[in-house]
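# Report on the structure
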Amino acid sequence: MILTKAQYDEIAQCLVSVPPTRQSLRKLKQRFPSQSQATLLSIFSQEYQKHIKRTHAKHHTSEAIESYYQRYLNGVGKNGAAPVLLELANEVDYAPSLMARIILERFLQEHEETPPSKSVINSMLRDPSQIPDGVLANQVYQCVVNDCCYGPLVDCIKHAIGHEHEVLLRDLLLEKNLSFLDEDQLRAKGYDKTPDFILQVPVGLGQA
């Protein structure tokens, strides 16, 4: 099904007032039942990523970080089981996984002797059980599983889709008896840039 510019704009306009959560995606599917889930998710991700890039800086000022952290502490102090971080992210219109990263970094700065490395933060976001605070671990987990645009879960899904398409392309090339080099072979030959596959003999349109 071909998506017209008018249809894209209508969907994009609808996204202005909704947070980037899986619940919002379900509502979007109800609003536009003729569009596939994949199409809506693609538009949702593109438009929200544009928004995040425009507003990223304001969420990373020292004042904003401290404000978010204090609101998090106050929230979990009243009810640690409530989705405090997720609701805060939705309230300030920021991706839940990115909000979780801000609060996690701030928490570790306060409780660890040395500043946390990026690899440590990424590892904790992928596996919140590594976070040395049970309440925060649960809050981070809620943010990660409810974020459909950012975070380790989304990255994992994208990687799986990319791998699936790579397998399909390899099978198609083999079916057509086309000679090619894959990423590993290109890397072994010293190529700086390694596409999934490169044809060893150029093929014109209609030849395959």
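In case you missed it, the structure is sitting above this.
A short tour of the structure in this document, coming up. This is a predicted model, so every value here is computed, not measured.

## Details of the overall build of the chain
- Helix and strand content of the chain: 10 helices and two strands.
- Reading the chain from its N end, one meets helices and strands in the order α-α-α-α-α-α-α-α-α-β-α-β.
- Computed over the C-alpha atoms, the radius of gyration of the chain is 22 Å, more than 25% above the 17 Å expected from 2.2 N^0.38 for a compact globule of 208 residues.
- With respect to the principal axes defined by its C-alpha atoms, the chain has extents near 65 × 45 × 25 Å.
- Within the chain, the fraction of its 208 residues that count as buried is 35%.
- If you take every contact in the chain between residues at least 6 apart in sequence, the share linking residues at least 24 apart comes to 55%.
- As displayed, the chain offers around 12800 Å² of accessible surface, 54% of which is attributable to carbon and sulfur atoms.
- Taken together, the 22 basic and 25 acidic charged side chains of the chain have centroids lying 6 Å from each other.

## Comments concerning helix α6 (residues 96–111)
- With 16 residues, α6 should cover 22 Å at 1.5 Å per step; its first-to-last C-alpha distance of 22 Å lies within 8% of that length.
- Residues P96, S97, L98, M99, A100, I102, I103, L104, R106, F107 and L108 constitute the buried set of α6.

## Thoughts on unusual backbone geometry
- Positive phi, normally seen in glycine, also occurs at D93, with a value near 60 degrees.
- For D93, the location among the structural elements is in the loop between α5 (84–91) and α6.

## Describing helix α8 (residues 134–146)
- Helix length check: α8 (13 residues) gives 19 Å between terminal C-alpha atoms against 18 Å at 1.5 Å per residue, within 8%.
- Between the side-chain oxygen at the start of α8 and the backbone nitrogen of V135 there is a gap of 3.3 Å, and the oxygen is on D133.

## Some words on the pattern of salt bridges
- With the rule as written, the count across this model stands at eight salt bridges.
- The shortest N-O distance in the salt bridge between R71 and E91 comes to 2.7 Å. Here R71 is found in helix α4 (residues 62–78), whereas its partner E91 is found in helix α5, with 20 residues between them in sequence.
- A relative accessible area of 55% means that E91 is categorised as exposed.

Parameters and conventions
- Residues numbered from 1 in each chain as written.
- Predicted model: local features only at pLDDT ≥ 70, side-chain atom pairs only at ≥ 80, totals over all residues.
- Heavy atoms only, no water.
- Helix = DSSP H or I, 4+ residues; strand = E, 2+ residues; numbered from the N terminus.
- Rg over C-alpha atoms; globule rule 2.2 N^0.38 Å.
- Buried < 20%, exposed > 50% of the residue type's maximum accessible area, 1.4 Å probe, protein only.
- Contact = heavy atoms within 4.5 Å.
- Areas by Shrake-Rupley, 256 points an atom, 1.4 Å probe, with all protein chains shown as cover.
- Lys, Arg positive; Asp, Glu negative; His and termini not counted.
- Charge placed at Lys NZ, Arg CZ, Asp CG, Glu CD.
- Expected span 1.5 Å × (residues − 1).
- Polar contact = N/O pair within 3.5 Å; in protein donor to acceptor, adjacent residues only side chain to side chain.
- Salt bridge = Lys/Arg side-chain N within 4 Å of Asp/Glu carboxyl O.

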